Amino acid sequence: MGTPSSTWSRAPEPSEPPLAPGPRLADLLGRLAPARRSQVLTHRSWAPSRERSYERLEFLGDSVLQLVVTAELFRRHPDAPEGELTWMRQQVVGGEACAAAARAGGLPEAFVAAAPAAAREEARLVAVRQSVQAALVEALIGACWLDLGAEEAERTVLEAFGPALDSAERGGRDPKTALQEAAARRRLAVRYELAGSTGPAHARIFETRVLVGDRPLGIGSGPSKQASEQAAAAMALRELGGAAAGEPAPC
């Protein structure tokens, strides 16, 4: 079994050629120690004990992901201030981006295939959840760090999250933050109310209403409460008319 290298691998300079494409995420599973591979693909619902589920590896993988992405954004954007780097990082490592990387890498299918026969149907239901897909990719990154070393973990992150890194936008704020700032300038409070939810437990869609002051300004939906709040905030910003850019808008 490999061990993490003592020093973090150097990110390539802008003039160097990009890293060659690596294997699909699911293919990396075959390079892990059998016990580690099993842990990556084990949900706590059918784990013999909770510490033998993917949760501990997810914890480690989240930290590795944050570090690699932070270093890569720092390299790519030498003039970006801390606030912009933080905003771009959140775009790259957020739940939606992690889940997209897991799906592109074939991890949900590997997760279902590895589930015990008695838990196979449950595995199919939970494998479509964004939170589970994100956990799988972070657990694999953590396992890669432990079994294959830091350089391979870095390579894995840069490959899997390359599209998200390429599309990360500078200079923005997420809609909830932008709305909070716009409302604060008007000395108004922002309040979110869950309006309801639809769909089965494994594919729930939430709907949230946002009020600025006492005025309902937006309603949004999404696969999580947080996503529905962001969608509602985006609608409220449009109603405020340019508030995200600091332009005057009617109260």
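The structure presented is a predicted model; accordingly, all values stated were derived computationally and were not measured.

## Examining the pattern of salt bridges
No. 1: Evaluation of the coordinates by the stated rule reveals 13 salt bridges.
No. 2: The residue Arg 50 makes a salt bridge to Glu 55 at a minimum N-O spacing of 2.7 Å.
No. 3: For Arg 50, a relative accessible area of 52% translates into the label exposed.
No. 4: Via salt bridges that share partners, Glu 72, Arg 75, Arg 76 and Asp 166 belong to a single interconnected network.

## Side note on the pairing of strand 3 (residues 215-222)
No. 1: Strand direction decides the pairing type here: strand 2 (residues 205-212) and strand 3, joined by 7 bridges, are antiparallel. Bridge assignment links Leu 211 to a residue of strand 3, and that residue is Pro 216.
No. 2: Here strand 2 folds back onto strand 3 in antiparallel fashion, the turn holding 2 residues, of which Gly 213 has a positive phi close to 70°.

## Quick word on the confidence of the model for the chain
Should pLDDT be low for a region, the predicted coordinates there are not to be read in detail.
No. 1: Confidence along the chain averages 85 in pLDDT terms, with 86% of residues attaining 70 or more.
No. 2: Long-range and interchain partners of residues 1-23, a stretch whose pLDDT sits below 50, account for 34 contacts in this model, where long-range means more than four residues apart.
No. 3: Predicted confidence is poor over residues 242-251, with pLDDT under 50, and the contacts of this stretch with residues over four places away or in other chains come to 20 contacts.

Rules of the game
Residues numbered from 1 in each chain as written. Predicted model: local features only at pLDDT ≥ 70, side-chain atom pairs only at ≥ 80, totals over all residues. Heavy atoms only, no water. Salt bridge = Lys/Arg side-chain N within 4 Å of Asp/Glu carboxyl O. Buried < 20%, exposed > 50% of the residue type's maximum accessible area, 1.4 Å probe, protein only. Pairing = 2+ DSSP bridges. Helix = DSSP H or I, 4+ residues; strand = E, 2+ residues; numbered from the N terminus. pLDDT = per-residue confidence, 0-100. Contact = heavy atoms within 4.5 Å.

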